[in-house]
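Now for the letters of each chain:
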Amino acid sequence: MVLPPTEPHPSLVPFAPAALRSLVVFGSPVVLAYVPGRKARQDPVSRRPAFRRSPADRIVAEESFWRDGDLALTPNRHPFAAEQRILWPLRPIREPDAAMWTAACAWADAANGTALVNTIGAASTIARAHAHLLPERLAFLAALPEKSVAIDAIDRPAGAEFVAKDAPFFLVGVRGSAAARGSALAQLAAARLTAAWNVVVQDGTAWVFPRRIETPAPHFPFALGAAEVWGRWCYVDEAPFASATANDLEQALVAAGTEPLG
């Protein structure tokens, strides 16, 4: 596998939030970003059509600055982080396969950064597999307490181990090599009974957040995605950005997620 490049590219769009705030959620720090420019990227979930022609082929054809094998990199035109890029499969698959998961995990490891994946129903607006690659780490997940866990829904890949966050929602992590995490994520996707999920890869762990609902209003009036699970809460309207409290965000995670493991 050829690793997608970690160095910056001139086509990457600068991250320029209109404002930032900090809060402490479940005892761990998060950042709120007011990014009104992202409002143009999607319809509200309530008005989203059942079907739409995917722009993925056009984006990959016109905006790729790297390709190798079955993968390509493009800029994120509406970034919520610095030097944000998107990893795409050249094949029109709806969710990442094991090879793409492995590439995303390997990139996050090499960049000391993060890979984020959403699905339709969990903040994605394009029905084509893609991963957000960010050369940045946030403290939220690392600061949450952990507990041991057993996952019997899949056969654990060699070298992989499972952990869970001790939180009032389901958040399970896979540790191991990039290949072990990639295999585990592909198996978990096949075993998933929720329609949607978010995945955050950081610090050698792939965190899985299965979804109950997409928009946990009134606590968070937008589609909650992997960025929020990572610790960056993106607001496209100023009023909810200014008024949000730690309790709002805690309730949003509980409402959007599923029941924690016992």
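It should be noted that the structure appears before, not after, this text.
Quick summary incoming for the structure in this document.

Calculation criteria
The residue numbering used here restarts from 1 in each chain and proceeds along that chain's sequence as written. Totals for whole chains, interfaces and linings use every residue, but because this is a predicted model, local features are given only for residues with pLDDT of at least 70 and side-chain atom pairs only at 80 or more, for both listing and counting. To get the side-chain values, take all heavy atoms of the structure and skip hydrogens and water. A pair of aromatic rings is counted whenever rings of Phe, Tyr or Trp (Trp by its six-membered ring) have centres within 6.5 Å, and the orientation is called stacked for planes under 30 degrees apart, edge-to-face for over 60 and tilted otherwise. In DSSP terms, a helix is any run of H or I states spanning at least four residues, a strand is any run of E spanning at least two, and both are numbered starting from the N terminus. The classification of residues rests on relative accessible area computed with a 1.4 Å probe and restricted to protein chains. Under 20% of the type maximum is buried, over 50% is exposed, and intermediate values are partly exposed. Comment: arc refers to directions from the helix axis out to C-beta atoms. The contact criterion used throughout is that any non-hydrogen atoms of two residues lie within 4.5 Å. Pairing between two strands requires that DSSP report at least two bridges joining them. Between the N-to-C directions of two axes lies an angle of 0 to 180 degrees, each axis being a line fitted to C-alpha atoms and, for a helix, fitted only over the stretch in contact. A carboxyl oxygen of Asp or Glu within 4 Å of a side-chain nitrogen of Lys or Arg is what we treat as a salt bridge.

Regarding the packing of aromatic side chains
Line of reasoning, step 1. Within the structure shown, the criterion is met by nine aromatic pairs.
Line of reasoning, step 2. Each ring, one from Tyr34 and one from Phe241, has its centre 5.7 Å from the other, and the planes form 25 degrees; the classification is stacked. Placement of Tyr34 in strand β2 (residues 28-34) and of Phe241 in helix α6 (residues 238-243) is noted, with a sequence separation of 207 residues between them. With respect to class, Tyr34 is no different from Phe241; both count as buried.
Line of reasoning, step 3. Between Phe222 and Tyr235 the ring centres are 5.7 Å apart and the planes differ by 90 degrees, which places this aromatic pair in the edge-to-face class. Note that Phe222 is positioned in the loop between β12 (205-210) and α5 (226-230) and Tyr235 in strand β13 (residues 232-235), a separation of 13 residues in sequence.
Line of reasoning, step 4. Owing to a relative accessible area of 14%, Phe222 belongs among the buried residues under this scheme.

Looking at helix α1 (residues 56-63)
Line of reasoning, step 1. Buried residues of α1: Ala56, Ile59, Val60 and Glu63, and no others. The buried side chains of α1 occupy one side of the element, clustering within an arc of 100 degrees when seen end-on. Turned more than 90 degrees off the buried face of α1, the exposed positions are Asp57, Ala61 and Glu62.
Line of reasoning, step 2. On its buried side, α1 packs onto β3 (66-68), β4 (71-75) and β5 (85-89).

Here's the deal with the environment of Ala131
Line of reasoning, step 1. Relative to the elements of secondary structure, Ala131 occurs in strand β7 (residues 131-134).
Line of reasoning, step 2. The class of Ala131 is buried, set by a relative accessible area of 1%.
Line of reasoning, step 3. In this structure the C-alpha to C-alpha distance between Ala131 and Pro4, which are 127 residues apart in sequence, comes to 12 Å.
Line of reasoning, step 4. Apart from residues lying up to four places away in sequence, Ala131 is in contact with Arg85, Ile86, Leu87, Met100, Ala104, Leu116 and Val117.

Notes on the pairing of β13
Line of reasoning, step 1. Residues Arg232 and Cys234 of β13 are buried on one face, and the alternating residues Trp233 and Tyr235, pointing to the opposite face, are buried as well.
Line of reasoning, step 2. Here β2 runs beside β13; their pairing, made up of four bridges, is parallel. Across the sheet, residue Tyr34 finds its bridge partner in β13, namely Tyr235.

A look at the sheet that holds β12
Line of reasoning, step 1. Read from one edge of the open sheet, ten strands run β3-β4-β5-β7-β6-β11-β12-β10-β9-β8, paired in antiparallel fashion. The sheet is open, and its two borders are formed by β3 and β8 (146-148), each paired with just one other strand. Taking each pair of neighbouring strands and ignoring which way they run, the sheet shows an average axis angle of 25 degrees.
Line of reasoning, step 2. In this sheet, β5 lies alongside β4 in antiparallel orientation, the contact comprising five bridges.

Comments concerning the pattern of salt bridges
Line of reasoning, step 1. For the structure shown, the criterion picks out 13 salt bridges.
Line of reasoning, step 2. A salt bridge links Glu95 to Arg192, with the shortest nitrogen-to-oxygen separation between them at 2.7 Å. Remark: Arg192 occurs in the loop between α4 (178-191) and β11 (197-202) and Glu95 occurs in the loop between β5 and α2 (98-111); sequence separation between them is 97 residues.
Line of reasoning, step 3. Residue class for Arg192 comes out buried when judged on its relative accessible area of 17%.
Line of reasoning, step 4. Across the salt bridge formed by Asp203 and Arg137, the nearest N and O atoms sit 2.5 Å from each other. With Asp203 in the loop between β11 and β12 and Arg137 in the loop between β7 and α3 (140-143), this residue pair connects regions lying 66 residues apart in the sequence.
Line of reasoning, step 5. For Arg137, a relative accessible area of 41% translates into the label partly exposed.

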